[in-house]
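Structure assessment
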Amino acid sequence: MRSRNPVFSRRGFSRDNGYAGFNTAPQAGGPAVGTQGNPYAGGNPYAQNPYAQQDLQQGAPPQAPATTGRMTMDDVVLRTGTTLGTLIVTAALAWALLPVDDANINRSYGIGIGAALVAMVLAFVQSFKRKPVPALILSYAALEGVFLGVVSSVVDNRIASGAAMQAVIGTMAVFAGVLIAYRAGWIRVNRRFYGFVMAAALGFVLLMVVNMLFAVFGGGDGLGFRSGPLGIFFGVVGIILGACFLALDFKQVEDGIAYGAPKEEAWLAAFGLTLTLVWIYMEFLRLISILNSNN
C-alpha cells in the first residue's frame, strides 16, 4: 500500500496485504518473510527490508533487527506536535505582525505568497531526499505558517469574522473523526480504497488547475469551481479527500511502527500528516469564505 504523500511513497512505510515492511528479516534456512506468498513482491520495492539486510551484507548471520532505535507512536506524536507547533507559532506571528488593512494588505499578501512558494520548494526537496532532514521539515512548517497566518487574517478580518477558528475546529473534528473511524475498523485502507482516493485526487487537482488557468487568462474565478454553488460543492469534496488522505497516512504510520521503521522516520510521518492537515484547513477556510460571501 503506497501513500499518496510523496514523503511516504519512496520508503518502507508500505506493505501490500500485510507482507512487506521494515522488520521482515529473513529466517535462517528459509525464504524471506517479506516475500513468501506475496503476490505483489515482484514489483514492490519494499518486499525486501533494506534495514534487515544490512547484517547480511556484512556477512553476519540473518536475525531479526533489534527493537532499539525503532519508531514508536510516541516519536510520531512528538515530531508531529513539534512540526505543527512551529507552524502555529509562525502563523500567529504573521497574523499579529502583518496587518491586512487597505494600506498594508498588498505587502502582507506578497510576503505570504512568497513564504508559500519557498515552503513548497522545501517540501519538494524533502520529498526527494532519502532521509528526513528535520531542519527542512521545520523550515517548511515555519514558512507555511506565515502563509496560513496571512491568508487566515485576510479571510477573518475582511470576509468572515471567526472563519479561522471555525476552520481550526473543523480540521480538528475531521482528524478526530477519521482517527476514531480508522481505529474502530470502519475505514478499511486497502488497494481499492487507495486507488479510488488517488483517482479522485488526480481529477480534483486537474480541475483546479484548469480553473486557475481560466482565471489567470480570462479573469474572475475562471470556470467558477471556487465560488458559488460549485465552489461549495468542490470545497466539500476537498475536505472529504483530505479525510481520505488522513486514513492513508494513519495506515502508513501504523505499518511503519509495526515493521520497525527507524526512529528518524517519525519526522517523515510528522511531515506527511502536516501536509494533509494544511490541505484540510485550507479547504475549510475556502468553504467558509464562500458561504459567507454568498450571504
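What you see is a predicted model; the values in this text were computed from it and never measured. (Residues numbered from 1 in each chain as written. Predicted model: local features only at pLDDT ≥ 70, side-chain atom pairs only at ≥ 80, totals over all residues. Heavy atoms only, no water.)

**A look at the overall build of the protein chain**
Within the protein chain one finds nine helices and zero strands. Helices and strands appear in the protein chain in the N-to-C order α-α-α-α-α-α-α-α-α. The burial tally for the protein chain puts 47% of its 295 residues in the buried class. Residue pairs in contact within the protein chain that sit at least 24 positions apart in sequence constitute 77% of those at least 6 positions apart. (Helix = DSSP H or I, 4+ residues; strand = E, 2+ residues; numbered from the N terminus. Buried < 20%, exposed > 50% of the residue type's maximum accessible area, 1.4 Å probe, protein only. Contact = heavy atoms within 4.5 Å.)

**Notes on the layout of surface pockets**
Reported here for the largest pocket is a volume of approximately 1,800 Å³. Contributions of two or more residues to the lining of the largest pocket are made by α4 (105-127), α5 (134-158), α7 (191-218) and α9 (266-293). For the lining of the largest pocket, the element with the most residues is α7, which contributes ten residues. Class assignment for the residues of the lining of the largest pocket results in 30 nonpolar, five polar and six charged. Here the second largest pocket defines a volume of roughly 560 Å³. In this structure, the second largest pocket is lined by 18 residues; those nearest its centre are L87, I88, L148, V168 and Y281. Secondary structure elements with two or more residues in the lining of the second largest pocket: α3 (73-97), α5, α6 (163-183) and α9. (1 Å grid on protein atoms, 1.4 Å probe; cavity = no way out; pocket = protein on both sides within 12 Å on 5 of 7 lines; lining within 4 Å. Points joined across faces, edges and corners; volume = space filled by probe spheres on them. Nonpolar A, V, L, I, M, F, W, Y, C, P; charged D, E, K, R; others polar.)

**Comments concerning α7**
Helix length check: α7 (28 residues) gives 40 Å between terminal C-alpha atoms against 40 Å at 1.5 Å per residue, within 8%. Taken together, the buried positions of α7 are occupied by F193, V197, A201, F204, M208 and N211. For α7, the secondary structure elements touched by its buried residues are α8 (228-258) and α9. Measuring from the backbone nitrogen of R192 back to the side-chain oxygen at the start of α7 gives 3.2 Å, which picks out N190 as the cap. (Expected span 1.5 Å × (residues − 1). Polar contact = N/O pair within 3.5 Å; in protein donor to acceptor, adjacent residues only side chain to side chain.)

**Considerations on the packing of aromatic side chains**
In this structure the tally under the stated criterion is seven aromatic pairs. Relative to W279, the ring of F204 has its centre 5.9 Å away and its plane inclined at 45°; by these criteria the two rings are tilted. Of this pair, F204 sits in helix α7 while W279 sits in helix α9; the two residues are 75 residues apart in sequence, bridging distant segments of the chain. Its relative accessible area of 24% is what places W279 among the partly exposed residues. For the ring pair F245 and W279, a centre distance of 5.3 Å and an interplane angle of 75° mean the geometry is edge-to-face. Highlighted residues: F245 in helix α8 and W279 in helix α9, separated in sequence by 34 residues. Overall, the relative accessible area of 4% leaves F245 in the buried class. Taken together, the aromatic side chains of F204, F233, F234, F245 and W279 make up a single cluster linked through ring pairs. (Phe/Tyr/Trp six-rings, centres within 6.5 Å; stacked < 30°, edge-to-face > 60°.)

**Thoughts on the pattern of salt bridges**
Here the structure, examined in full by the defined rule, presents four salt bridges. As a salt-bridge pair, R158 and D102 come within 3.0 Å of each other at their nearest N and O atoms. Of this pair, R158 sits in helix α5 while D102 sits in the loop between α3 and α4, placing them 56 residues apart in sequence. Its relative accessible area of 41% is what places R158 among the partly exposed residues. Put simply, R286 and E283 hold a salt bridge, and the shortest N to O gap is 3.0 Å. One end of the pair is R286 and the other is E283, both in helix α9 and three residues apart, which spans about a single turn. The class for R286 is partly exposed, based on a relative accessible area of 27%. (Salt bridge = Lys/Arg side-chain N within 4 Å of Asp/Glu carboxyl O.)

**Some points on a nonpolar patch on the surface**
On the surface, Y109, I113, L117, M120, F124 and F128 cluster together to form a nonpolar patch covering roughly 620 Å² of accessible area. Looking at the element boundaries, L117 is found in helix α4. (Patch = residues over 30% accessible without salt bridge, like charges linked within 9 Å, V, L, I, M, F, W, Y side chains within 5 Å. Areas by Shrake-Rupley, 256 points an atom, 1.4 Å probe, with all protein chains shown as cover.)

**Digging into the nonpolar core**
The biggest cluster of nonpolar side chains holds 55 residues, and the ones touching the most others in it are Y140, V174 and L246. The element best represented in this core is α9, accounting for 14 residues. Contact partners of L246, with chain neighbours within four places excluded, come to V174, F175, V178, L273, T276, L277 and I280. Judged by nonpolar contacts, the second largest core, of eight residues, contains A94, V146, V150 and V154. (Core = buried A, V, L, I, M, F, W, Y, C linked by side-chain atoms within 4.5 Å.)

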